[in-house]
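# Descriptive structure summary
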Amino acid sequence: MPVTTDEFVCAALLSAVRAQLGEWTTRRATRALRDCGFTPQRATVRQALHTLTERGQLIQHDNDSNRRYFTLSPTEDTPAARLAEAARTQPDLRTAVADDATTLTLTVQPRSRDCWDWWLAHVGVPRDGVTLQGPVAVATGHRGGVTVHLRGISSVCRPSEMTR
């Protein structure tokens, strides 16, 4: 049986939801699909959200009659997604992307050297494990079975100071 365009749309949308988490409206889903190269009609996006909900991969929320949104089902939860969600409570965080079930990329903009040190400790990176890629300090650590790629962009100290 051939794979339909609708299946490609559902797969691309589910991948985007897993990577970015949070609340997904039809508008957000449409934008994500356009970023993937699709040009979906609103009805196609709604159908994809409905299909993923029927499969148990998304949960539909309609608490407010004027607003409907979807979130990733807990059965679709992964260690990287849980860690990304926890990181979103930190004010220094700019982006948290669960690349797959056990890999997470965090981009942070620490407000001070102490904040940067906190992030390094939080993901288990020794200070000598930090390298520079242009203006960005980059490190890889591990937390709770998740490989965490940490990218630090600082406005309060030079990138070279983030590696000492």
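Heads up: these notes are all about the structure in this document.

## Observations concerning helix α2 (residues 26-35)
Along α2, the positions that sit buried rather than exposed are Thr 26, Ala 29, Thr 30, Ala 32 and Leu 33. Taken down its axis, α2 places every buried residue within 165 degrees of arc, on the same side. In this structure, α2 carries Arg 27, Arg 31, Arg 34 and Asp 35 as exposed residues pointing more than 90 degrees from its buried face.

## Thoughts on the nonpolar core
Membership of the largest hydrophobic core comes to 41 residues, with the highest contact counts inside it found for Leu 13, Trp 24, Leu 106 and Leu 150. It is helix α1 (residues 5-20) that contributes the most residues to this core, 7 residues altogether. What Leu 13 contacts, discounting residues up to four positions off in sequence, is Trp 24, Ala 29, Leu 33, Ala 48, Leu 49 and Leu 52.

## Considerations on the pairing of strand β4 (residues 103-108)
For β4, a buried count of 6 out of 6 residues is recorded, marking the element as mostly surrounded by other parts of the structure. Along β4, one buried face is formed by Thr 103, Thr 105 and Thr 107 and the opposite face, lined by Leu 104, Leu 106 and Val 108, is buried too. Relative to β4, strand β3 (residues 93-100) runs antiparallel, the two being bridged by 6 bridges. The residue bridging Ala 98 from the neighbouring strand is Leu 104, located in β4. Taking the residues between adjacent antiparallel strands as the criterion, β3 and β4 are bridged by 2 residues. As paired strands, β4 and strand β7 (residues 146-152) are joined by 6 bridges and run parallel to one another. Each bridged residue has a counterpart across the sheet, and for Thr 103 the counterpart in β7 is Thr 147.

Here is what the cut-offs are and how they apply
- Residues numbered from 1 in each chain as written.
- Predicted model: local features only at pLDDT ≥ 70, side-chain atom pairs only at ≥ 80, totals over all residues.
- Heavy atoms only, no water.
- Buried < 20%, exposed > 50% of the residue type's maximum accessible area, 1.4 Å probe, protein only.
- Helix = DSSP H or I, 4+ residues; strand = E, 2+ residues; numbered from the N terminus.
- Arc of directions from axis to C-beta.
- Core = buried A, V, L, I, M, F, W, Y, C linked by side-chain atoms within 4.5 Å.
- Contact = heavy atoms within 4.5 Å.
- Pairing = 2+ DSSP bridges.

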